[in-house]
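# Topology and contacts: notes
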Amino acid sequence: TGFFRSLLPVFCSLFPVRSSSSNRLCSHFSDTLLEKGRQEGLGREMEKGLERGNERATVEIAKRMLRAGLPIETVEQVTGLAREKLESLKS
């Protein structure tokens, strides 16, 4: 949002307010930019959340596999988790 907000003075200086229609245009543009920034920010946060959720699920699956007695090499291959991480899950 900061990036888009920084563009507002530039845009508004290009279209000085001479009439109410110019003012509305500048206002509409600023609202559009701010909304676009919010959407992009939300999209990035959702991606991060999904990544964290997938990581947690993978760790939980690895724990179950280890509790079931599967060899650590198999768990490593299936989950893609590092051996060090798997060793820490065993204890």
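Above this text is the structure in question.
Everything in this summary refers to the structure shown in the same document.

Definitions and limits used
Residues numbered from 1 in each chain as written. Predicted model: local features only at pLDDT ≥ 70, side-chain atom pairs only at ≥ 80, totals over all residues. Heavy atoms only, no water. Buried < 20%, exposed > 50% of the residue type's maximum accessible area, 1.4 Å probe, protein only. Helix = DSSP H or I, 4+ residues; strand = E, 2+ residues; numbered from the N terminus. Arc of directions from axis to C-beta. Contact = heavy atoms within 4.5 Å. Core = buried A, V, L, I, M, F, W, Y, C linked by side-chain atoms within 4.5 Å. Polar contact = N/O pair within 3.5 Å; in protein donor to acceptor, adjacent residues only side chain to side chain.

## Looking at helix 3 (residues 72-79)
Of all the residues in helix 3, the buried ones are I72, V75 and T79. Along helix 3, the residues classed as buried sweep out an arc of 60° about the axis, all on the same side. Exposed residues on helix 3 whose side chains face more than 90 degrees from its buried face are Q77 and V78.

## Topic: the environment of M65
Inspection of the secondary structure puts M65 in helix 2 (residues 20-67). Looking at M65, the relative accessible area reads 13%, which means it is buried. For the pair M65 and V78, spaced 13 residues apart in sequence, the C-alpha separation works out to 9.8 Å. Beyond its immediate sequence surroundings of up to four residues, M65 is in contact with L70, V75, V78 and T79.

## A look at the nonpolar core
Core analysis: the biggest nonpolar cluster contains 9 residues, these being V59, A62, M65, L66, I72, V75, L81, L86 and L89. Not counting chain neighbours up to four residues away, the residues in contact with L81 comprise T58, V59, A62, E76 and L86.

## Some points on the side chain of T79
Looking at the secondary structure, you find T79 in helix 3. When its relative accessible area of 17% is taken as the criterion, T79 is described as buried. Of the polar contacts made by the side chain of T79, one reaches the backbone oxygen of V75; its length is 2.7 Å. At a separation of 3.2 Å, a polar atom in the side chain of T79 contacts the main-chain amide nitrogen of L81.

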